[in-house]
Amino acid sequence: MTQPIHNPDRTADVLIIGAGASGAAVAASLSEAGFDVVCIEQGHWQDSFKFPTTEPDWELRSMSSWSINPNKRKLPEDYPINVENSAVDPVMFNGVGGSTIMWVAHTPRLHPSDFRVKSLDGVAEDWPISYEDLEPWYDLNDQVMGCAGIAGDPANPPRSERPMPPVPIGKDGEMIAGAFDRLGWHWWPSDNYVNSTRYGEGRDACNFCGHNMMGCYQRAKASTDLTYWPRAIAQGAELVTGARVREITTGADGRATGVNYLDSEGNNRHRAARAVVMAANGVGTPRLLLLSDSDKHPNGLANSSGLVGKNLMFHVYAGVSGVFPDHEEPWVGPVANIILSQEFYETDPDRDFVRGYSYQMARGQGPGATARSGPKRVSWGQNHHAELGRRFGNTLNLGVIGDDLPEEHNTVTLDDRLKDSSGLPAPKITYRVSENSRALLDHALVQGQAVMEEAGASEVMINQLSREAGWHLMGTARMGDDPERSVVNGNGQSHDIDNLFIVDGSVFVTGGAVNPTPTIQAIALRTADYITNERKDLKA
Amino acid sequence: MTLNSDTSLLSAALDRVIPPVDDLPGAGGMGLAGEVVKRCEADSRFNAALTTVIGALPSPNDFTALDDEGQDGALRTVESSDPDAFGLWLDVVYAIYYMQPAVHRRLSWHGRTPQPEGNVMPPWDESVLEVARQREPFWRQV
Ligand SMILES: Cc1cc2nc3c(=O)[nH]c(=O)nc-3n(C[C@H](O)[C@H](O)[C@H](O)COP(=O)(O)OP(=O)(O)OC[C@H]3O[C@@H](n4cnc5c(N)ncnc54)[C@H](O)[C@@H]3O)c2cc1C
């Protein structure tokens, strides 16, 4: 995308770190309000015509250069992550659009109860904001990203009309939905940021190719390089790519003055700004705050609470796969943007866990992926062909997204030895699945099995815990009213540094049991409006 | 392992992992060993797995001298001593085997890349919500 020439020596009003889901939303909002915005992004623009889904080796590439796991992708713009002490691997994409390049774009919202778990269930903490506080920005984000769905879901508060009708759920969706109906359990067509009709500049309707985790050739899936960034750039925002921030700089008064970064040639550079907005995701943001330690901030920046990097949440994922011998072509249609069930979302005192989970239906895949994935790899040797024949073209899945309550021992810290391609310390994840999460998953797997059997599955397979499923990165710089128990306030503003803001999933207090990105973007837009309305001092 | 290496051991192992079926030879007989080596050379993780697996098997002559059961036993020994490397090697082999048009034909799979053609989006049929719509709102009020 062409940009006008910007003066790199100026002091920008706002500098954003990370051009993903949240950074793009802030850039578009603040540039529209007349702020001078610069964003520094370590990755690059993607060309949707070059996504691997047009290549015969697409399945193999999903294991290497197009893996969702940066430790497998190993591109220079990725940073390695030490996961030796983690039950779950974080996954992400680093580039313009951030992880929305690879996301599925399944876009439910948190429930009102998710913001009040302490008051309602006596666990974790309440958020300093409510569902109602966020609602206008959820709606705005649905419009800009383009939401396909249908209002009227009884498991959620009423919603405004969705901009597009739902993505059709297909015969397979109807089959699973019918099972939920017969069991008397909730289901609803998923809200998706996937076009069911043409929507947005140059963005077609989905052509049901089934593989949107490797980028969307049709541009039917909303990623922020297609939605927010073109607006932001047209409004004058500057986006610097291939540039890695190594620290946030502070002045004598302790306030943020900008960032030091390495440009695309590896040169050390400084960019000055009146405010810094962090949008580097729930792993990248705590990493940078910890990397920005100094004599004044020996434990890292914005860390007087000691909570930077703590309370990491992923959402625990497990799954039930059903083999449906009479079903055909389970790869037709978006991979996991079909239906969801929230029958078991809320706390029930009769169960041995608090909070709950959602089911998200997912489709089958091509033969290579069928052979190597699912609850267990298809066996090699004499039984290989028979086993593959049973599973390929016949398998549908129910993913479980479990509420993953915050625990201080689940952390992002800096690794002593591992370094990224710029020589900066890599993040290290320490994460274990709590007893509550395990009990919740066990419950979900039993009920999920019942759904698959009711739907007519001839064989049901269980995946106890998905390892490569840390797609939701939350909690590592949480918001709150108490500076001793949180890193930022309800406006995303650091308690310690009044011109430092965080807008990514780091600020989540609890995770709920839904995919987080509409909430992340709503928070980002709300923080941007706070800056616009209350921090005019930051504008030159 | 490099493209110039002797691939006879790999080829024999591939035939045990994905044996012949119907009118198709096994993965080794299909000549996929060279492709496996080439793809592994391009990715350090894949290459490490391939090197581990091949390095842990008996020599080419010893392996091919074994009967089918003996060869499977040798592979199983590697699998249990280094399940991660073996699993990754297997994933690469599966991905390459299932890229082959002849394999697609046998599976009666169209074998097209997902894009640009895609598939046809069916119409949205609102009547599927008939039962779900009857439910009263049940989200937890706060
Ligand atoms: C495979 C996959 C599927 C997913 N599916 C869904 C889904 O269906 N629904 C849903 O709600 N969510 C989904 N997610 C999660 C979703 O993509 C994220 O929640 C969302 O993108 C997070 O937004 P963010 O702005 O916090 O971070 P990101 O979008 O990850 O962006 C962060 C950006 O910061 C940049 N950055 C980091 N550190 C630095 C640095 N030091 N210097 C410069 N730049 C830096 C990165 O390169 C990156 O581009 C999925 C994620 C993945 C990987």
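Residues numbered from 1 in each chain as written. Chains lettered and ligands numbered in written order. Predicted model: local features only at pLDDT ≥ 70, side-chain atom pairs only at ≥ 80, totals over all residues. Heavy atoms only, no water.

Student: Just to check I follow, could you spell out the overall build of chain A for this structure?
Tutor: The helix and strand tally for chain A stands at twelve helices and 16 strands. Here the C-alpha atoms of chain A give a radius of gyration of 22 Å, agreeing with the 24 Å that 2.2 N^0.38 yields for 540 residues. Considering only C-alpha atoms, chain A reaches an extent of 70 × 50 × 50 Å along its principal axes. Every one of the 540 residues in chain A was classed for burial, and the buried ones make up 67%. Across chain A, contacts joining residues at least 24 apart in sequence account for 73% of those joining residues at least 6 apart. Summing over all exposed atoms, chain A offers an accessible surface of approximately 17500 Å²; the carbon and sulfur share of this is 47%. One way to put it: in chain A the 47 positive side-chain charges average out to a point 4 Å from where the 69 negative ones average out. (Helix = DSSP H or I, 4+ residues; strand = E, 2+ residues; numbered from the N terminus. Rg over C-alpha atoms; globule rule 2.2 N^0.38 Å. Buried < 20%, exposed > 50% of the residue type's maximum accessible area, 1.4 Å probe, protein only. Contact = heavy atoms within 4.5 Å. Areas by Shrake-Rupley, 256 points an atom, 1.4 Å probe, with all protein chains shown as cover. Lys, Arg positive; Asp, Glu negative; His and termini not counted. Charge placed at Lys NZ, Arg CZ, Asp CG, Glu CD.)

Student: Just to check I follow, could you spell out the interface of chain A and chain B for this structure?
Tutor: Interfaces are often described in size by the accessible area the parts lose on coming together. Across the boundary between the two partners, chain A contributes 68 residues, which contact 56 residues of chain B. Buried area between chain A and chain B, summed over both chains or domains, comes out near 5300 Å², and the portion from carbon and sulfur atoms is 67%. Remark: the boundary between chain A and chain B carries four salt bridges. Its salt-bridge partner being Glu-343 of chain A, residue Arg-135 of chain B comes within 2.8 Å of it at the nearest N-O pair. Every element with two or more residues in the side of chain A that touches chain B is listed here: α2 (58-61), α3 (70-73), α4 (117-121), α6 (170-183), β4 (188-189), α9 (367-372) and α10 (384-391) of chain A. (Buried area = accessible area lost by both parts, 1.4 Å probe. Salt bridge = Lys/Arg side-chain N within 4 Å of Asp/Glu carboxyl O.)

Student: Looking at this structure, how should I read the site of the ligand?
Tutor: Residues and elements named next belong to chain A. In the vicinity of the ligand lie 38 residues, with Ser-22, Glu-41, Ser-99, His-106 and Thr-517 positioned nearest. At 2.6 Å from an oxygen atom of the ligand is found a side-chain nitrogen or oxygen belonging to Ser-22. Within the side chain of Asn-94, one N or O atom sits 3.2 Å away from an oxygen atom of the ligand. When the ligand is considered free in solution it has 1000 Å² of accessible area, and contact with the protein chains removes 98% of it. Mapped by element, the contributors of at least two residues to the shell around the ligand are α1 (21-32), β6 (244-250), α8 (281-291) and α12 (517-534). A per-element tally of the shell around the ligand places α12 first, with three residues. Here the shell around the ligand is built from residues that sort into 20 nonpolar, 15 polar and three charged. (Near = heavy atom within 4 Å. Polar contact = N/O pair within 3.5 Å; in protein donor to acceptor, adjacent residues only side chain to side chain. Nonpolar A, V, L, I, M, F, W, Y, C, P; charged D, E, K, R; others polar.)

Student: Would you explain the packing of α1 of chain A against α12 of chain A in this entry?
Tutor: Axes are the key here: two packed helices are described by the angle between their axes and the distance separating the axes. Residues and elements named next belong to chain A. Axis separation between α1 and α12 bottoms out at 8 Å; the angle between their running directions is 30 degrees. Considering their axes alone, α1 and α12 lie roughly parallel with respect to each other. For the pair α1 and α12, the sense of crossing is right-handed. When α1 is examined against α12, the residues Ala-21, Ser-22, Ala-25, Val-26, Ser-29 and Leu-30 are found in contact with a partner set consisting of Thr-517, Ile-520, Gln-521, Ala-524, Leu-525, Ala-528, Asp-529, Ile-531 and Thr-532. Class assignment for the residues of the contact of α1 with α12 results in nine nonpolar, five polar and one charged. (Axes fitted to C-alpha atoms, helices over the stretch in contact; angles between N-to-C directions. Parallel < 35°, antiparallel > 145°, perpendicular 65-115°, else oblique. Left-handed = near helix turned anticlockwise from the far one by under 90°.)

Student: Explain the pattern of salt bridges here, please?
Tutor: Residues and elements named next belong to chain A. Summed over the entire model, instances satisfying the criterion amount to 47 salt bridges over all chains. Residue Arg-162 pairs with Asp-142 through a salt bridge whose shortest N-O separation is 3.0 Å. Residue Arg-162 is located in the loop between α5 (131-145) and α6, and its partner Asp-142 is located in helix α5; the two are separated by 20 residues in the primary sequence. Assessed through its relative accessible area of 7%, Arg-162 is described here as buried. The buried category is assigned to Asp-142, whose relative accessible area is 3%. Residues joined by salt bridges that share partners form a network here, namely Arg-109, Asp-139, Asp-142, Arg-159, Arg-162 and Asp-191.

Student: What is the right way to read the nonpolar core from this model?
Tutor: Within soluble globular proteins, side chains that are nonpolar generally end up buried alongside one another. Core analysis: the biggest nonpolar cluster contains 154 residues, and Trp-229 and Ile-248 of chain A together with Leu-57 and Trp-89 of chain B have the highest contact counts within it. A total of eleven residues in this core trace back to one element, the largest contributor, which is helix α6 (residues 83-97) of chain B. Not counting the four nearest positions on each side in its chain, Leu-57 of chain B is found in contact with Leu-9, Ala-13, Phe-63, Ala-74, Leu-75 and Val-78 of chain B. The next biggest cluster of nonpolar side chains, apart from the first, holds 48 residues, and it includes Ile-150, Ile-169, Trp-188 and Tyr-431 of chain A. (Core = buried A, V, L, I, M, F, W, Y, C linked by side-chain atoms within 4.5 Å.)

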